[in-house]
Structures are given as structure tokens and as C-alpha cells.
Amino acid sequence: MNNNIVAFIPARSGSKRLKNKNIKKINNQPLIFWTVFKSLKSKIFKKVIFSSDSLEYFNLLLKILKKKNIDISKLIFDHRSKNDSSDNKKIFEYVKNSLPIKQKLTQKDLIALLLPTAPLRKIKTIKKVVDISLKTKKDVFTANSFEMSIKYAIIKQKKNWIPSYKKSPLLAGDTRSQDQQKYLRPNPVCCCLWVKNFNRNKRSIYNNSLLYETDKLESIDIDTKEDFLIADLLMRSLDENT
């Protein structure tokens, strides 16, 4: 294969909404462990790049991976500056403008962006999305369906509520879910980006990209304490090697 496929896993320190989110334990391991672990287990990446402003995070990963006798020969630490890890710094801008230079990537290389907040992603899904990207030579992102149609959305007011859509099914009485249009939302499971596509017109991961639908279970995106509790319960009942 002429293409180098690299995994890129960003995990900055100092999460504000949920303190130390990326190293908070889920199924007895820090959150960052699961994405790195599954990337290494997939055996499809030339490099697995763990990117953070925290060397402490990387050392924690190394300690756990070595204890589990997991091959870390392809694991690389990308030390991001505080500026590149700030709240207002978009990770796509870093991947587009800085990563290819720092890691000496070429126009033939493919980056799989894997956010650590999706610990339930399946290894076979990573492989599938990468395979689609390789075969089509297109960027690919993952998405999953909303639990309910977005047309059910309402806006809460002080003493009342209003529908978000003028033709809301709540007003029409047409509330059978099977009669509603299916809507999807992007998720952090896997996003494949070709270095050759990084140009001025590529302003986000979604520009000229294909969509791959994932199931709801592996698409859980951890952002709150409730998300952690749900994911932890689910992970304890699943095979960690899937």
C-alpha cells in the first residue's frame, strides 16, 4: 500500500465542563485509554499519534499499555502547545495546518481523526471507515440518527413552550415516529481526512466528505457525568476487544 494511514487522537487537559474528563476512569481505565487501545489493536495504522498539551497524560497511557503488554512501537506523542490546545482552537485547523508539517506527512497520506470521547466505537467500524476512504479517495465522517425526529423539538419559555418548527407534528397531531423523516448528526467515532484535500476550500471535516452511519451505541459522545455513567455500564457488559 502506497498510502500511510495514521490515527490522530487529540486529548487536551483542563476540560471545563467536566474536570479532567479525558483521564476520568471508565470501565476501570482512563477515558483516553480506550481510543488509543482500539487504534493499536486495529493494526491498520502506521502511526498512532496521541496529541496533548499534557506529558502526564501520555506517561499515564504508556504505563497502562505496558502493564497490559500491548505493543506501543507505533504510538507517538505529539506535544501540543497551550495555544494549540486552547478552547478557541479548532482541532481541524491544527490537523490541517500543523500536523502534516510536524509529522512529515505527504499528499498520499490519510489521517483518521478519533476523538477519545467515543470509547464505545468498534474496531471494525474504524476499519470500515478507513476502507471506504481508501477505496473512494474521499474524506469520510461518521454520523448517527437522532433518537427522535428534530421536528419534535420545542423551545421552553417562562410559563409556556413553542414548537421549533411551524409545521410541528406536535401541533398537527402526527406523532407517529415511523412517519417522521430520519435525521442524523455527526459524531466523534471516526473521521478520515486526506492530506491532499487540505486547501483553502476545506474549511471543515464535512466539506466534500462522504457520510458513514454508525449505530447509536458506539456513537455515545461523553461530555457529562450522565454520559460517563451510561457508557461505563455499557462497557462493563461488552467485550473490550470489539
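Please refer to the structure higher up on the page.
Read on for an overview of the structure. Everything numeric here is computed off the predicted structure, so don't read it as measured data.

## What about helix α5 (residues 123-136)?
Here α5 contains 14 residues, and its C-alpha end-to-end distance of 20 Å stays within 8% of the 20 Å for a straight helix at 1.5 Å per residue. Regarding α5, the residues found buried are I123, T125, I126, V129, V130, S133 and L134. Contacts from the buried residues of α5 go to β1 (5-10), α1 (31-42), β6 (110-113), β7 (139-145), β10 (184-194) and β11 (209-213).

## Observations concerning the sheet that holds strand β4 (residues 47-52)
Taken together, 7 strands build an open sheet; the order of strands is β5-β4-β1-β6-β10-β7-β11 and the sheet is mixed. Whereas interior strands pair on both sides, the edge strands pair on one side only; in this sheet they are β5 (75-79) and β11. For this sheet the average axis-to-axis angle between neighbouring strands, irrespective of direction, equals 25°. Bridge analysis of β7 against β10 gives 5 bridges, and the strand direction is antiparallel. Residue pairing for β10: S145 is matched across the bridge by L184. Along the sheet, helix α2 (residues 55-67) makes contact with β4 and β5, crossing β5 at roughly 170°.

## Details of the packing of aromatic side chains
The description of two aromatic rings rests on the distance between their centres and on the angle between their planes. Applying the stated criterion across every chain yields a total of 9 aromatic pairs. Centroid distance F92 to F198: 6.1 Å. Interplanar angle 80°. Geometry classified as edge-to-face. One end of the pair, F92, is in helix α3 (residues 91-97); the other, F198, is in the loop between β10 and β11, with 106 residues separating them in the sequence. By relative accessible area, which is 7% here, F92 ends up buried.

## Considering the pairing of β5
Bridge analysis of β4 against β5 gives 5 bridges, and the strand direction is parallel. Counterpart to F50 in the pairing with β5 is F77. Crossover connection from β4 via α2 to parallel β5: handedness right-handed.

## So, unusual backbone geometry
In this structure, K137 is a non-glycine residue whose phi angle is positive, near 60°. Assignment of secondary structure puts K137 in the loop between α5 and β7. You can call K137 partly exposed: its relative accessible area is 36%. Even without a glycine there, the phi angle at N208 is positive, about 55°.

## Looking at the packing of α1 against α2
Contact geometry for α1 and α2: axes closest at 11 Å, N-to-C directions at 55°. Judged by the angle between their axes, α1 and α2 are oblique. Classified by chirality, the crossing of α2 by α1 is right-handed. When α1 is examined against α2, the residues I32, F33, V36 and L40 are found in contact with a partner set consisting of Y57, L61, I64 and L65. Per-class residue counts for the contact of α1 with α2 are 8 nonpolar, no polar and no charged.

## Considering the nonpolar core
It is characteristic of soluble globular proteins that their nonpolar side chains tend to be buried jointly. Among the nonpolar cores identified, the biggest contains 43 residues, and I26, F33, V36, F45, F50, L75 and V130 are the most heavily contacted of them. Here this core gets 7 residues from one element, more than from any other, and that element is α1. Residues contacting I26, with those up to four places away along its chain left out, are L31, W34, P119, I222, F228, A231, D232 and M235. Formed by 17 residues, the second largest nonpolar core is a distinct cluster that contains V95, L99, A143 and C191.

Thresholds applied
Residues numbered from 1 in each chain as written. Predicted model: local features only at pLDDT ≥ 70, side-chain atom pairs only at ≥ 80, totals over all residues. Heavy atoms only, no water. Helix = DSSP H or I, 4+ residues; strand = E, 2+ residues; numbered from the N terminus. Expected span 1.5 Å × (residues − 1). Buried < 20%, exposed > 50% of the residue type's maximum accessible area, 1.4 Å probe, protein only. Contact = heavy atoms within 4.5 Å. Pairing = 2+ DSSP bridges. Axes fitted to C-alpha atoms, helices over the stretch in contact; angles between N-to-C directions. Phe/Tyr/Trp six-rings, centres within 6.5 Å; stacked < 30°, edge-to-face > 60°. Right-handed = clockwise from strand over helix to strand, strands pointing away. Parallel < 35°, antiparallel > 145°, perpendicular 65-115°, else oblique. Left-handed = near helix turned anticlockwise from the far one by under 90°. Nonpolar A, V, L, I, M, F, W, Y, C, P; charged D, E, K, R; others polar. Core = buried A, V, L, I, M, F, W, Y, C linked by side-chain atoms within 4.5 Å.

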